[in-house]
Amino acid sequence: MKRREFMAIVGGAIAWPVEGLSQQASRVRRVAYLALAGTEDSTFVKERLKELGYQEGVSLIFDLRSAHGQVETLGELASELVKTNPDVIITGFGTATAKAAQAATRTIPVVFSNVGDPIGSGVVQSLSRPGANVTGLAGQAAELSGKRLELLGQFVPDIHTVAVLEEPGAPFTMVALPQLQMAAKARGQQLVICGARNADEVENSLAAAARAGAGGLVVLETPILIALRQRIVDVAAALRMPAIYSGRDFVEAGGLLSYGPDRRQLYRRAAELADKILKGDKPAEIPVEQPTRFNLIVNLNAARALGLAIPANVLALADEVIE
């Protein structure tokens, strides 16, 4: 099916190499990984490091810490990782992990895997020359929120009121929500903002949105909400509320649509940037990268369960259809 590509807003072209192996490190390297919620994404980092020639227990020590959704513990965990004296720290999904690592060290290189607004949040000085000891990937493009609203309208026409599930106060929420509000205003749609930080709040806020007439759902995903993805998908299905997400994992869990970059590739690319640093490159001189490819994935089973008859010309927009 047709695949669309969008340009990244970094200085110069960016290549995302996936072929070829680096020479195995000549000494044991220590890589630290800091996550806010869950640790499954670290497996993609370890997978790519192994392909690049690093053998855990032989040429690589991999230290992992997760806050398990407790944002307030990130600073302590970052300090713990710094004390292990790693060669590089990789941070998981979200701005909070990058900020915690940045606050914990000004000397150890830090590679963030997915930050929505690295300049606005103060993580880097610029995309082309991040400065200091931090670089990485900006995979949560806030402007994609409006595109998701548009796509939802193509698959489910005549939605006048849309629920927006967000984590109150999260850095990405503060960047993406205004973008979504502008897009909704341009389309003549109303938004019902649904704040949630746990499973009960997901159920209660979406139920309230349904009572307010919401006929669709857009999720501003953060590490906390990604960890709650099965609950979100289940509640949306029970409320018969068509939803669009940013990641494939929501569609695999039974969600209707997703539109965004391949998050697995973001973590693999973070491992590649870490490899460059381990070989001597300075993070201050490694441009922050943004994905140029975004995939639209459709779950036909979810569409049938919602009673949606998707026209063939609309379905043809999808890069992948799950049945």
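Above: the structure in question.
This section reports on the structure supplied with the text. Since this is a predicted model, take the numbers as computed values, not measurements. (Residues numbered from 1 in each chain as written. Predicted model: local features only at pLDDT ≥ 70, side-chain atom pairs only at ≥ 80, totals over all residues. Heavy atoms only, no water.)

1. Quick notes on the pairing of strand β10 (residues 257-260)
Residue alternation in β10 divides its side chains into two sets, Leu257 and Tyr259 and Ser258 and Gly260, and both sets are buried. As defined by bridge partners, strand β9 (residues 243-245) adjoins β10 across 2 bridges and the pair is classed as parallel. When the bridges of β10 are listed, tyrosine 245 appears paired with serine 258. Bridge count between β10 and strand β11 (residues 295-299): 4 bridges; the pairing is antiparallel. Residue glycine 260 lies in a different strand from β11, and its bridge partner there is asparagine 295. (Buried < 20%, exposed > 50% of the residue type's maximum accessible area, 1.4 Å probe, protein only. Helix = DSSP H or I, 4+ residues; strand = E, 2+ residues; numbered from the N terminus. Pairing = 2+ DSSP bridges.)

2. Section: the pattern of salt bridges
Pairing is possible between side chains of opposite charge, provided their charged atoms come close. Using the criterion set out here, one finds 21 salt bridges in the structure. Glutamate 56 is the partner of lysine 46 in a salt bridge, and the nearest nitrogen-oxygen pair spans 3.2 Å. With lysine 46 in helix α1 (residues 42-51) and glutamate 56 in the loop between α1 and β2 (60-66), this residue pair connects regions lying 10 residues apart in the sequence. Salt-bridge contacts for arginine 48 lead to glutamate 272; the nearest nitrogen and oxygen are separated by 2.8 Å. You can see arginine 48 sitting in helix α1 and its partner glutamate 272 sitting in helix α10 (residues 263-278), a full 224 residues away along the chain. Here arginine 48 and glutamate 272 have matching classes, each one buried. Among the charged side chains, a network of salt bridges with common partners joins Glu47, Arg48, Glu51, Arg264, Arg268, Arg269, Glu272 and Glu289. (Salt bridge = Lys/Arg side-chain N within 4 Å of Asp/Glu carboxyl O.)

3. Comments concerning the side chain of glutamate 272
Classification of glutamate 272 as buried rests on a relative accessible area of 6%. Here the side chain of glutamate 272 touches arginine 269 through a polar contact of 2.8 Å, side chain to side chain. (Polar contact = N/O pair within 3.5 Å; in protein donor to acceptor, adjacent residues only side chain to side chain.)

4. Digging into the nonpolar core
Taken as a class, soluble globular proteins show a tendency for nonpolar side chains to be buried jointly. Within the largest apolar cluster, 46 residues are counted, with the highest numbers of intra-cluster contacts made by Leu165, Leu217 and Ile232. No other element matches the 8 residues that α10 contributes to this core. Excluding residues that lie within four positions of it along the chain, leucine 165 makes contacts with Cys194, Ala196, Val202, Ser205, Leu206, Leu217, Val218, Val219, Leu220, Leu225 and Ile232. (Core = buried A, V, L, I, M, F, W, Y, C linked by side-chain atoms within 4.5 Å. Contact = heavy atoms within 4.5 Å.)

5. Examining the sheet that holds β9
Sheet architecture is open: 7 strands sit in the order β7-β6-β8-β9-β10-β11-β12, paired in mixed fashion. Of all strands in the sheet, those bounded by a partner on one side alone are β7 (190-195) and β12 (320-322). Neighbouring strand axes in the sheet, compared pairwise and without regard to direction, differ in orientation by 20 degrees on average. Across 2 bridges, strand β8 (residues 216-219) lies against β9 in parallel orientation. Paired with leucine 217 across the two strands is alanine 243, which belongs to β9. Most of the contacts of helix α4 (residues 144-155) go to β10, to which it runs at about 150 degrees, and overall it touches β6 (161-166), β8, β9, β10 and β11. Sitting on the sheet, helix α8 (residues 229-238) touches β6, β8 and β9, and the angle it makes with β9 is about 160 degrees. (Axes fitted to C-alpha atoms, helices over the stretch in contact; angles between N-to-C directions.)

6. Quick word on the sheet that holds strand β1 (residues 29-35)
Taken together, the 5 strands give an open sheet; going across it, the order is β2-β1-β3-β4-β5, and neighbouring strands pair in parallel fashion. Every interior strand has two partners, whereas the edge strands, β2 and β5 (134-136), have only one. Neighbour to neighbour, the strand axes of the sheet diverge by 25 degrees on average, direction disregarded. Taken together, the 4 bridges between β1 and strand β3 (residues 88-91) define a ladder with parallel strand orientation. The partner of alanine 32 across the bridge, within β3, is isoleucine 89. Most of the contacts of α1 go to β2, to which it runs at about 170 degrees, and overall it touches β1, β2 and β3.

7. A closer look at the side chain of aspartate 319
Looking at where aspartate 319 falls in the secondary structure, it is placed in the loop between α12 (312-315) and β12. Aspartate 319 gets classed as buried once you look at its relative accessible area, which sits at 12%. Polar contacts involving the side chain of aspartate 319 include one to the main-chain amide nitrogen of leucine 296, which spans 2.8 Å.

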